[in-house]
Amino acid sequence: MYQQLIRAMLDVLVALVVANPASSNVGSSVAEGWNNDKIAWVDYGPGLEAAKETGKPVFLVAHTTWCPHCKRYQKLFFEARVVELAKNYVMVMIDRDIDTDLNKTIGPNGQTFVPRTVVMRPDGTVRLDIKGSRRDYPNFIDYRSADELVRVMEQGRVSPSPR
């Protein structure tokens, strides 16, 4: 009985996080300035749980509050195309300076640069096939235009099985 109650409560929490961006931003303070009124940014743990529950892929952005590239990148999340594509994902935000241990595990070869964007399958495995255009920083998305971000979001919304 206790397990059923916990499961029911988790189902309600996941439904709130996924369905209502304005009132359920678990990571709203970390995502402040990232259009968190229209995009339901959540913290890593609840985000992975929501992805497993809904079958949606995870779109993770690692940033810092002091990074000038992050400030430019965050503006892209106000673009209508990006807001619409975000509905296909569980949108996860981490602050590299707060989530230091987690930050080291996200992305290729332990790289910790910011901003860093990673697409994950609903089971939490990283999609290594989805990258930005820079070879030296494959999870760096060009912040000068929303085009590369949109391409990555379109590519990642379908979550093929791991090979």
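Conventions adopted
Residues numbered from 1 in each chain as written. Predicted model: local features only at pLDDT ≥ 70, side-chain atom pairs only at ≥ 80, totals over all residues. Heavy atoms only, no water. 1 Å grid on protein atoms, 1.4 Å probe; cavity = no way out; pocket = protein on both sides within 12 Å on 5 of 7 lines; lining within 4 Å. Points joined across faces, edges and corners; volume = space filled by probe spheres on them. Helix = DSSP H or I, 4+ residues; strand = E, 2+ residues; numbered from the N terminus. Nonpolar A, V, L, I, M, F, W, Y, C, P; charged D, E, K, R; others polar. Buried < 20%, exposed > 50% of the residue type's maximum accessible area, 1.4 Å probe, protein only. Pairing = 2+ DSSP bridges. Contact = heavy atoms within 4.5 Å. Axes fitted to C-alpha atoms, helices over the stretch in contact; angles between N-to-C directions.

A. Up close: empty space enclosed by the protein. In this structure the tally under the stated criterion is one cavity of 30 Å³ or more. A volume near 40 Å³ is recorded for the largest cavity. Thr117, Val118, Val119, Ile130, Lys131, Gly132, Pro138, Asn139, Ile141 and Val152 together form the lining of the largest cavity. Top contributing element to the lining of the largest cavity by residue count: strand β4 (residues 116–120), with three residues. A breakdown of the residues in the lining of the largest cavity according to their chemical character gives six nonpolar, three polar and one charged.

B. Broad picture of unusual backbone geometry. Val114 connects to Pro115 through a cis peptide bond whose omega is -10°. Looking at the secondary structure, you find Pro115 in the loop between α5 (100–105) and β4. Even without glycine at this site, Asn35 takes up a positive phi of about 60°. Exposure remark for Asn35: the relative accessible area of 7% places this residue in the buried category.

C. Layout of the sheet that holds β4. Strands sit in the order β1-β3-β2-β4 across an open sheet of four strands; the sheet is mixed. Only two strands of the sheet have a single neighbouring strand rather than two, namely β1 (41–42) and β4. Strand direction decides the pairing type here: strand β2 (residues 58–63) and strand β3 (residues 90–95), joined by six bridges, are parallel. Bridging from a neighbouring strand, His63 pairs with Asp95 of β3. Each of β1, β2, β3 and β4 touches helix α2 (residues 44–54); the most contacted strand, β3, lies at about 165° to it.

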